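The chain contents come next:
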Amino acid sequence: PHSLGVIHAVLAMYARPDIRDYVDGMVFMAPTGHGGTHPNRMFSSLASEVIHRPVNDYARKVMLDAIEYTLRAGPHLIKKIIQARDVRIIDETRALIEERGVPITALLFIHDQLVKHAEVSEGLGRAGVEYAFDVVAQLAGHNALLQVPKIVAARGIDAINSIEDGLFIERGATRLIGRAAA
């Protein structure tokens, strides 16, 4: 899941233990719910992504969809922004890892202005996520999966392989700070 979807996915799996049977692991992308979310940077982030987004028909369609979504969301957008900033799922994430055996790793986008790398890393570490994969592509922000899809896909495969191998560490993995003592 990506961004606010991380909160929804974790809370759904936490509330419905039977879902675990259908999930082999999770790769969070630019996750909210673990701290470091700065919605006041939303418009500067969007502007940066518009300026640096590759120009092709797909990118234009995605941007139009994003603008339409934002306009349709209206007052609900404020609720989503507050949720992304304030909701913490550190305990629920830890429970999924430790009690239900769900392997979790993350893709963190170094240039993300909405979910700050160092802050979310600390929160993920407290949640028990041991390793994350940094996506350092220049100018790849919060929606890096739309900006540099090949790079994000390659890092995502690294993350999935680390889950499948049970290692949580492959090339380029970063040990998260803030890991609570077991």
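Note: the structure precedes this text.
An account of the accompanying structure is given in this report.

Let us look at the overall build of the chain. The helix and strand tally for the chain stands at eight helices and four strands. When the helices and strands of the chain are placed in sequence order, the string is α-β-α-α-α-α-β-α-β-α-α-β. Taking all 182 residues of the chain together, the buried fraction comes to 43%. Summarising the internal contacts of the chain: among those between residues at least 6 apart in sequence, 83% fall at separations of at least 24. Put simply, the chain shows about 9,600 Å² of open surface, and 60% of that area lies on carbon and sulfur atoms.

Right, let's talk about the packing of helix H5 (residues 90-98) against helix H6 (residues 117-127) for a bit. Taken N-terminus to C-terminus, the directions of H5 and H6 make an angle of 45°; their axes are 8 Å apart at the nearest point. Comparing the axis directions of H5 and H6 gives the class oblique. Where H5 approaches H6, its residues Ile 90, Thr 93, Arg 94 and Ile 97 are matched on the opposing element by Gly 123, Gly 125, Arg 126 and Ala 127.

Now for the nonpolar core. Val 10, Met 26, Phe 28, Ile 104 and Leu 124 are the most contacted members of the largest nonpolar core, which has 21 residues in total. The set of elements that each furnish at least two residues to this core consists of helix H1 (4-15), strand E1 (26-29), strand E2 (104-109) and H6. The leading source of residues in this core is H1, at five residues. Counting residues in hydrophobic clusters, the runner-up holds 11 residues, among them Ala 30, Val 135, Val 152 and Ala 159.

Further remarks concern the pairing of E2. Among the six residues in E2, six count as buried, and that is most of the element. A two-sided burial pattern is seen for E2, the buried positions comprising Ile 104, Ala 106 and Leu 108 on one face and Thr 105, Leu 107 and Phe 109 on the other. Of the pairings in the sheet, the one linking E1 to E2 comprises four bridges and is parallel in character. Pairing of Phe 28 across the sheet is with Ala 106, part of E2. In this structure, E2 lies alongside strand E3 (residues 131-135), joined through four bridges in parallel fashion. Opposite Ala 106, over in E3, you have Ala 132 as the bridge partner. Running through H6, the crossover from E2 to the neighbouring parallel element E3 is right-handed.

About the thresholds
Residues numbered from 1 in each chain as written. Predicted model: local features only at pLDDT ≥ 70, side-chain atom pairs only at ≥ 80, totals over all residues. Heavy atoms only, no water. Helix = DSSP H or I, 4+ residues; strand = E, 2+ residues; numbered from the N terminus. Buried < 20%, exposed > 50% of the residue type's maximum accessible area, 1.4 Å probe, protein only. Contact = heavy atoms within 4.5 Å. Areas by Shrake-Rupley, 256 points an atom, 1.4 Å probe, with all protein chains shown as cover. Axes fitted to C-alpha atoms, helices over the stretch in contact; angles between N-to-C directions. Parallel < 35°, antiparallel > 145°, perpendicular 65-115°, else oblique. Core = buried A, V, L, I, M, F, W, Y, C linked by side-chain atoms within 4.5 Å. Pairing = 2+ DSSP bridges. Right-handed = clockwise from strand over helix to strand, strands pointing away.

Read these as spatial facts, not as claims about activity.
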